[in-house]
Amino acid sequence: MKNIFYTLLMIVFTLLGAELVLRLFIDLPDPYQHLRVKSYSTGEVIRLQNTRNTDVAFVFNPNELFPEDEKNIVKIHINNQGFRHQDDVDTSRNEISIFAIGGSTTQGYDYAFEKTWCQVLEKNLEEKTGQAINVYNGGTAGAAMFDHIALLQNRVIHLKPDMVILFAGVNDLNLLVGDDNIFRFDDVYEEVEAVSWYKLGLARFTLYKLFLNAKRKLKSDEEHPLKRDSDEEDTGIAPGTPVQFADHLAAPLATQKLPMAEGPEINFAYYRKMVKSFFATCQINDIPVIVMTQPTTWESGDQILQKYHWMNKNKESRFPKDFMQNSMDKMNADVHQIAMEENVPCFRLENEIPNTGEYFYDDCHFTPKGSVFVGEALTKFFIDNNLINLN
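All residue numbers refer to position in the chain's written sequence, counted from 1. Only residues with pLDDT of 70 or above have their local features reported here, since the model is predicted, and side-chain atom pairs are shown and tallied only from 80 upward, although totals for entire chains, interfaces and linings are computed over all residues. Calculation of side-chain values draws on the structure's entire complement of heavy atoms; hydrogens and water are dropped beforehand.

Here we look at the pairing of strand S6 (residues 163–167)
The buried fraction of S6 is high, at five of five residues. Whether a residue is buried, partly exposed or exposed follows from its accessible area with a 1.4 Å probe, protein chains only, as a fraction of its type maximum: under 20%, in between, or over 50%, in that order. To qualify as a helix, a DSSP run of H or I must reach at least 4 residues; to qualify as a strand, a run of E must reach at least 2; elements of each kind are numbered from the N terminus. Burial along S6 is two-sided: Met163, Ile165 and Phe167 and Val164 and Leu166, pointing in opposite directions, are all buried. In the sheet, strand S4 (residues 96–102) pairs with S6 via five bridges, with the strands oriented parallel. When the bridges of S6 are listed, Phe99 appears paired with Val164. The pairing criterion for strands is at least two bridges between them, as found by DSSP. Pairing between S6 and strand S9 (residues 289–292): four bridges, direction parallel.

Here you go:
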C-alpha cells in the first residue's frame, strides 16, 4: 500500500515539476478563454456582414448527399461593398444592378461562384436581354430579417439598385423558436457554448494545453475535410488567406443528442412586421423588390436526407419535424399574403423545387444542382412576369 502511495506521490511531484518547467519556456493560450467571460450583445447596426475587399477559403466536410465530384474547398471573393461577386459595385457603370439579400441559402459558400443561384440568374438574364447585369450576392450565413433590413438600409439603398431580391425564412424560424433577444436589446448576456467544469480547470495547466493541441492536430490530420479525394490536386490555400470551416456531419449528430420537446409558441406577428418593414423600405426608396419563399425538407420522403436535419432545434431541445414544417409553411403563406397586398412579386420556390437529396443536403441548403435549379426557376419567373425589360 505504501509503495502505491509513494508512486502516486512521485507522479504528482513529477507532473508539478514538469508543469513549472514548461511554464517557464512555453506560453500556450487558454483554449477556453472565450468561455470564461459571457459574450455581450452590442447591438451593432449590421450584426452579420461580410468584410469587404477580402478573399476567403471556405472548407467543409460534406455528407453523402454532396456530389463527390464537387470541390470542398471553395475560394470566395467579397467585393468593395461586402457582396460576393467578382466585380466591384460601381454606380457609374451602365448596368442593371440587382442585389440579393438573404442567409446562407443565398450566400452559397458550398459551391463555386458560377453555381450560386445569383450567378445563374445573372448569366441567364444577360443572355435574354443582351444587357449588362450584375446580381450582387448579399447572403450571410445566419442572417435573419433584422439583419436583412439593416443591410438594405446601410449597404444597398445608397447604391440606387434597379432591384432587390429577398430570400428569407428559415433563420427567422430558428430565431423565433430559440432566441430570447429578438428585439436586439444590448443588455442581454448569453453563454457561447458549454464546456465541463473540469476541462476549464485543466486548461489552466500547460501540460493539458499540450495534450489538447496534440489531440486536435491528430484529429485534423485524420479527418480534416482537405483529405477529400476530389481535392487531392487542389489543396493549396494561399498563405494569409482567412479560412472558414463547416461540417455537414457534426451538426445533425449534435441535434440528435438534444431531448425532444413540444414546439414553443411562435411569434408570427413579429416576422410579418419585419417583412412589411423590408418591403416598405424598398418602396419608399423607389426600389422594385421581389421575394422568394423558403423551401425546407423536414417532411421530405427522402430517408437519407432525413438523417442530415439539424435545424429543428434551439439551444436546449429539438422539436418535431412536422411542427417545424407547419411553422415554415405558415411563414411562407404570410409572406405571400403580404406580397399580394403590397403588390410585390412573390416566387413560391417551395412549390417548384423537388424536395429530395438531389437538390438539398440538409434542412434547407441546396446542393450545387439545387442552387442551379433555383437560378433557372427564378429566371423563368422573371420572364413570365415581365420583371425585366427584354428589349
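What about the environment of Ile304?
Tracing the sequence through the fold places Ile304 in helix H10 (residues 303–307). Exposure remark for Ile304: the relative accessible area of 38% places this residue in the partly exposed category. Those residues in contact with Ile304 that lie beyond four places of it in its chain are Glu64 and Leu65. Contact criterion: two residues are considered in contact whenever any of their non-hydrogen atoms come within 4.5 Å of each other.

Points about unusual backbone geometry
Phi at Asn53 is positive, roughly 55°, even though this residue is not glycine. Of note, the phi angle at Asp286 is positive, near 55°, even though the residue is not glycine. Asp286 sits in the exposed class, given a relative accessible area of 69%.

Observations concerning the nonpolar core
Counting residues in hydrophobic clusters, the biggest one holds 46 residues, and the most contacted among them are Met145, Val164, Phe278 and Phe279. Elements represented by at least two residues in this core include exactly S4, helix H4 (145–156), S6, helix H5 (170–178), helix H9 (268–284), S9 and helix H11 (321–341). Looking at this core, the element that brings in the most residues is H9, giving eight residues. Each residue touching Met145, except ones within four places of it in the same chain, is listed here: Leu166, Ala168, Asp172, Tyr271, Met274, Val275 and Phe278. In these notes, a set of buried Ala, Val, Leu, Ile, Met, Phe, Trp, Tyr and Cys residues joined through side-chain atoms within 4.5 Å is what counts as a nonpolar core.

Examining the packing of aromatic side chains
Stacked, edge-to-face and tilted are the three classes for Phe, Tyr and Trp ring pairs, Trp counted by its six-membered ring, which pair at centre distances within 6.5 Å; planes under 30 degrees apart are stacked, over 60 edge-to-face, the rest tilted. This structure, assessed with the given rule, holds twelve aromatic pairs. Site record: aromatic cluster; members linked through ring pairs are Phe58, Phe60, Phe66, Tyr109 and Tyr361. Note that Lys330 overlies the ring of Phe268, its terminal NZ or CZ placed 5.9 Å from the centroid. Remark: a charge is flagged as sitting over a ring if the NZ atom of Lys or the CZ atom of Arg is within 6 Å of the ring centre and within 35 degrees of the ring normal.

Comments concerning the packing of H4 against H9
Axis definition: a line fit to C-alpha positions, over the contact stretch in the case of helices; interaxial angles, taken between N-to-C directions, run 0 to 180 degrees. It is the contact of H4 with H9, at a shortest axis distance of 10 Å, that shows an interaxial angle of 10°. With respect to H9, the element H4 is oriented roughly parallel. Relative to H9, H4 is oriented so that their crossing is left-handed. Contact residues: H4 offers Met145, Phe146, His148, Ile149, Leu152 and Gln153, while H9 offers Tyr270, Tyr271, Met274, Val275, Ser277, Phe278, Thr281 and Cys282. Three classes are used: nonpolar for Ala, Val, Leu, Ile, Met, Phe, Trp, Tyr, Cys and Pro, charged for Asp, Glu, Lys and Arg, and polar for all others, with Gly counted as polar. When its residues are assigned to classes, the contact of H4 with H9 shows ten nonpolar, four polar and no charged. Comment on the angle field: the value is read as roughly parallel under 35 degrees, roughly antiparallel over 145, roughly perpendicular from 65 to 115, and oblique elsewhere. The hand of a helix crossing depends on one turn: near helix anticlockwise from the far one by less than a right angle means left-handed, and clockwise means right-handed.

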